[in-house]
Amino acid sequence: MALSTERLGLYNPQKPMENRLTDLGPRHFWQYFPSVIQNNYGKWLYHDILEPGVLVHVAESGDKVFTVRCGGCRFMTVENIREICDIADKHCDGVVRFTTRNNIEFMTDSHDKMEALKKDLQGRKHVSGSYKFPIGGTGAGVTNIVHTQGYIHCHTPATDASSMVKAVMDDLFDHFQGMKLPAQVRVSMACCLNMCGAVHCSDVALLGYHRKPPIVDHEVLAKVCEIPLVIAACPTAAISPTKTESGQKSVKIKNERCMFCGNCYTMCMALPLSDYEGDCVTIMAGGKVSNRISPPKFSKVVIPALPNNFPRFPEVCESVKTIIEAYAADANKYERVGDWAERIGWEKFFEKCNLPFSDHLIDDYRLQYDTYRTSTQFKYTDASWAVSKAIGGIK
Ligand code: SF4
Ligand code: SF4
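Scoring rules and cut-offs
- Position numbers for residues count from 1 along each chain, tracking the sequence in the order it is written.
- Chains and ligands are labelled by the order in which they are written, letters from A for the one and numbers from 1 for the other.
- Confidence filtering applies because this is a predicted model: local features only for residues at pLDDT of at least 70, side-chain atom pairs given and counted only at 80 or more, and all residues used for totals across whole chains, interfaces and linings.
- With hydrogens and water stripped out, all remaining heavy atoms of the structure feed into the side-chain values.
- Counting from the N terminus, the helices are the DSSP runs of H or I reaching at least four residues and the strands are the DSSP runs of E reaching at least two.
- Contacts are assigned to residue pairs that have any heavy atoms within 4.5 Å of one another.
- Residue exposure ignores everything except the shown protein chains as possible cover, and the areas themselves are Shrake-Rupley values with a 1.4 Å probe.
- Positive residues here are Lys and Arg, negative ones are Asp and Glu, while His and the chain termini are left out of the count.
- For the purpose of locating charges, the reference atoms are NZ of Lys, CZ of Arg, CG of Asp and CD of Glu.
- The disulfide criterion is simple: two cysteine sulfur atoms within 2.5 Å.
- Buried residues are those whose accessible area, probed at 1.4 Å on protein chains only, stays under 20% of the maximum for their type, while exposed residues exceed 50% and partly exposed ones sit between those limits.
- For this description, a residue counts as near a given molecule or strand if any of its non-hydrogen atoms is within 4 Å of it.
- Cavities and pockets are defined on a 1 Å grid built over the protein atoms alone: a cavity is a set of grid points where a 1.4 Å probe fits but cannot escape, while a pocket is an open set with protein on both sides within 12 Å along at least five of seven lines, and lining residues are those with an atom within 4 Å of any such point.
- In this scheme, a molecule is assigned to a cavity or pocket if more than half of its atoms are within 2 Å of the grid points.
- Three residue categories are used. Nonpolar comprises Ala, Val, Leu, Ile, Met, Phe, Trp, Tyr, Cys and Pro, charged comprises Asp, Glu, Lys and Arg, and polar comprises the others, including Gly.
- Criterion used throughout: strands pair if DSSP finds at least two bridges between them.
- All axes here are fitted lines through C-alpha atoms, helices being fitted over the stretch that makes contact, and every angle between N-to-C directions spans 0 to 180 degrees.
- Grid points are joined across faces, edges and corners, and a volume is the space filled by probe spheres set on the points.
- One less than the residue count of a helix, multiplied by 1.5 Å, gives the span that helix is expected to have.
- Comment: arc refers to directions from the helix axis out to C-beta atoms.

Asker: Please clarify how the overall build of the protein should be interpreted in this entry.
Answerer: Across its full length, the protein holds 11 helices and 12 strands. Viewed in the frame of its principal axes, the protein has a C-alpha envelope of about 70 × 65 × 55 Å. Sequence separation of at least 24 residues holds for 63% of the intrachain contacts in the protein that already meet a minimum separation of 6. When the accessible area of the protein is evaluated, it comes to approximately 22200 Å², of which 54% is carbon and sulfur surface. Charge-centre separation for the protein: the mean point of 45 positive side chains lies 3 Å from the mean point of 44 negative side chains.

Below is the structure:
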């Protein structure tokens, strides 16, 4: 598995692969495997979760790999990364990995080393007393929240990512360190509807949402932006060219066409759309990637707009907790949030989670045929017929 050292030759269409360098980009993963994984590559028998946050993988040869999973964070300081590397050097022969949900995984090849590692991790605390490396995030619990940049790095967020995730995770910490839910619950967060965090397929998803179209800064637009690019950036063709009264080139926006995606702001900073009161947090539920029991599902909007209450987002935390508690109390073992909601019917889901169903949750997309499976289609129950009767909906 060595890296290629050959020089790039002339391209020969008869032998397109001759002298071709194929190791451009990241270095080959093989060199980063611990030796126990190199020795047993492709020969693993099974794996088991020994306790929340601790896994063991057993190979055909009898070799074992013990993995201790800790909660990490999306933005790490150099000091934090150095500490992680020190731990890896001390207990794991310098090996450490990160999961896609920002968990840190330390791997050892013996039970004794794993116990020493666990003790070390549990003893490392912040001055406030909280764990620096909380162990957990495996199996039927809540693992770390995958999230997006938020105000720290991106330009289009409708809310902040890191602070919301911290507040929600503080409330769900018992589920991070435990495995008492019916199945795993994946929570994710994206701070605008471009969704660079996987909110479209998570059990519970938090989404920052703009509710107002961009403001056009006619004074500077032509000086800082390429107008054709801005027009082309709009997915709904809401932007068209115009001229101001003073004859300056600019753009105008057809508000009823705008879906507040922020693409135009990405192209042109003279079209800001962040708004303290208009921006809100939307909650979605029932998505998953796994095809166990049922096919993968999209997350569906269940709460259209919660206020953007910095820095602890109490309404968001409360809603997530309510959904997870209702799910924990009512779902069958191995049922994900979406499986549970589909078994009992989405209408019952709203009742059990004590969430109001509003007209904002109805999929009125004109080409709805494509989106049927992305909204909370439900069967009516007695409770909803009663409401319908009370307002004169049925005779
Ligand atoms: Fe930026 Fe949107 Fe991604 Fe948030 S979700 S980091 S605002 S692109
Ligand atoms: Fe178009 Fe999106 Fe800009 Fe609205 S926010 S005008 S939909 S690019």
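Having put the structure on the table, let's press on.
Asker: Can you help me understand the state of the cysteines in this one?
Answerer: Going through the model one piece at a time under the given rule, you end up with 1 disulfide. Sulfur-sulfur distance for the disulfide between C225 and C268 comes to 2.0 Å. Here the S-S torsion is close to 75°, and the disulfide linking C225 with C268 is therefore right-handed. In this pair, C225 sits in the loop between α5 (218-224) and α6 (227-233) while C268 sits in the loop between α7 (263-267) and β11 (280-285), placing the two residues 43 residues apart along the sequence. Judged on exposure class, the residue C225 and its partner C268 are both buried.

Asker: Is there a simple way to think about the site of ligand 2 in this case?
Answerer: Taken together, P214, C234, P235, T236, I239, C258, M259, F260, C261, G262, N263 and C264 make up the full set of residues adjacent to ligand 2. At a threshold of 2 Å from the grid points, most atoms of ligand 2 map onto the largest cavity. For the shell around ligand 2, the class distribution of residues is 9 nonpolar, 3 polar and no charged.

Asker: In this structure, what is going on with the sheet that holds strand β12 (residues 300-306)? I would like to understand it.
Answerer: Sheet strands pair via backbone hydrogen bonds, and the direction of the pair is either parallel or antiparallel. The strand order across the open sheet formed by 5 strands is β6-β7-β8-β11-β12, and the pairing between neighbours is mixed. Single-partner strands in this sheet number two, and they are β6 (146-147) and β12. In terms of strand pairing, β11 meets β12 through 4 bridges, oriented antiparallel. Within the sheet, the bridge partner assigned to V281 lies in β12 and is L306. Contacting β6, β7 (187-190), β8 (204-209) and β11, helix α4 (residues 162-176) crosses the sheet at an angle of about 160° to β7.

Asker: Would you explain empty space enclosed by the protein in this entry?
Answerer: Remark: the empty space left among the atoms is shown by a probe the size of a water molecule rolled over them. Applying the stated criterion across every chain, the model contains 1 cavity of 30 Å³ or more. Computed from the structure, the largest cavity encloses a volume of approximately 100 Å³. Taken together, 15 residues line the largest cavity, and the ones lying closest to its centre are C234, C258, M259, C261 and C264. Looking at the lining of the largest cavity residue by residue, the class counts come to 12 nonpolar, 3 polar and no charged.

Asker: What should I look at first to understand helix α2 (residues 78-91) in this one?
Answerer: One turn of an α-helix holds 3.6 residues; hence residues three or four places apart share an orientation. Helix length check: α2, at 14 residues, gives a terminal C-alpha distance of 20 Å against a target of 20 Å (1.5 Å per residue), a fit within 8%. If you check which residues of α2 are buried, you get E83, I84, I87, A88 and H91. Buried residues in α2, looked at end-on, bunch into an arc of 140°, giving them a common side. In α2, the exposed positions angled more than 90 degrees off the buried face are occupied by V78, E79, R82, D89 and K90. In this structure, the buried residues of α2 make contact with β4 (96-98), β5 (103-108) and α3 (111-123). One or two steps after α2, the chain reaches D93, where phi turns positive at roughly 50°.

Purely geometric numbers; function is a separate question.
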